[in-house]
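Descriptive analysis of the structure
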Amino acid sequence: EYRDAQERAEFLEHQTTDLRKSITALEGIIGELDQEIDRAFHTAFTTINAHFERYFRQLFGGGSAKLMILKEEVGVNEDADENEHIAIPDIPPTDRPTSQISNLKSQISGIDITATPPGKRIKHIGMLSGGERALVAIALLCAIISASQSPFVVLDEVDAALDERNVGRF
């Protein structure tokens, strides 16, 4: 019985060690993926923002527009166990691997659009007329399409929300 119990304990210890190594490896991969996703997002965002400015000026005959990333500050509770989401029995919290995800202090909470047509002092898109908002949306669509090109694009009834003056601009 002792030999069987000892073999079982060694087997379980080996499994526990493998699990700890796997957790560490997975958290490393998650960290790398987070960095790659963040890099790709910011690259695409910068490209779309540049195209958006260009299309906005083209549709409105001047003015300025840009996209801004809204960030929300997230407080980190130093006293709490940062890894409560990892449910591993029989591993004391002090032996658990440190999660890279829980160390984030700010996170993206949204994207804001600022648009100022020529001759106006409007800053926020909500203050624009319906036709102007539709043109801003068209400029943003064109910017997104330009940043990640597709073999073809069908825009059906895009001008439906535009008045006669803005249809001419479009």
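Note: the structure precedes this text.
Residues numbered from 1 in each chain as written. Predicted model: local features only at pLDDT ≥ 70, side-chain atom pairs only at ≥ 80, totals over all residues. Heavy atoms only, no water.

1. Looking at the overall build of the chain
Using the following cut-off: Runs of H or I in DSSP of at least four residues are treated as helices and runs of E of at least two as strands, each being numbered from the N terminus. Burial classes: relative accessible area under 20% of the type maximum marks a residue as buried, over 50% as exposed, and values in between as partly exposed (1.4 Å probe, protein chains only). What makes two residues a contact is simply this: any of their non-hydrogen atoms within 4.5 Å. The protein chains shown are the only cover counted for residues, whose accessible areas, like all others here, come from Shrake-Rupley with a 1.4 Å probe.
Along the chain, the regular secondary structure elements total three helices and two strands. N-terminal to C-terminal, the α/β element order of the chain is α-β-β-α-α. Across the 170 residues that make up the chain, the buried fraction comes to 26%. Within the chain, contacts between residues separated by at least 24 positions form 67% of all contacts whose residues are at least 6 apart in sequence. Of the roughly 12,000 Å² of accessible surface on the chain, 55% is carried by carbon and sulfur atoms.

2. A short note on the nonpolar core
For clarity, the threshold we go by: What makes a nonpolar core is a set of buried Ala, Val, Leu, Ile, Met, Phe, Trp, Tyr and Cys residues whose side-chain atoms join them at distances within 4.5 Å.
Of all hydrophobic cores here, the largest spans 23 residues; its most connected members are Phe52, Phe56, Leu67, Ile113 and Val136. Secondary structure elements with two or more residues in this core: α1 (2-60), β1 (64-73), β2 (106-116) and α2 (130-147).

3. Side note on the packing of α1 against α2
Applied cut-off: Axis lines are fitted to C-alpha atoms, over the contacting stretch for helices. Their N-to-C directions set the angle, which ranges from 0 to 180 degrees. Throughout, the term roughly parallel applies to angles under 35 degrees, roughly antiparallel to angles over 145, roughly perpendicular to angles from 65 to 115, and oblique to all others. If you view the pair so one helix is near and one far, a crossing is left-handed when the near helix is turned anticlockwise from the far one by less than a right angle, and right-handed when it is turned clockwise. Each residue is assigned to one of three groups, with Ala, Val, Leu, Ile, Met, Phe, Trp, Tyr, Cys and Pro labelled nonpolar, Asp, Glu, Lys and Arg labelled charged, and all others, Gly among them, labelled polar.
It is the contact of α1 with α2, at a shortest axis distance of 8 Å, that shows an interaxial angle of 135°. Between α1 and α2, the angle is such that the two are oblique. The handedness of the crossing between α1 and α2 comes out as right-handed. Facing Thr47, Ile48, His51, Phe52, Arg54, Tyr55, Phe56, Leu59 and Phe60 of α1, the residues of α2 in contact are Glu132, Leu135, Val136, Ile138, Ala139, Leu140, Cys142, Ala143, Ile144, Ser146 and Ala147. A per-class count over the contact of α1 with α2 returns 15 nonpolar, three polar and two charged.

4. Describing the pattern of salt bridges
Rule in force here: Within this document, salt bridges are pairs made up of a side-chain nitrogen of Lys or Arg and a carboxyl oxygen of Asp or Glu, the two lying within 4 Å of each other.
Per the stated rule, a full pass over the model turns up three salt bridges. Linking arginine 39 and glutamate 36 is a salt bridge whose minimum nitrogen-to-oxygen distance equals 2.6 Å. Here arginine 39 and its partner glutamate 36 are both found in helix α1, three residues apart, which amounts to about one turn of the helix. Judged by relative accessible area, which is 47%, arginine 39 ranks as partly exposed.

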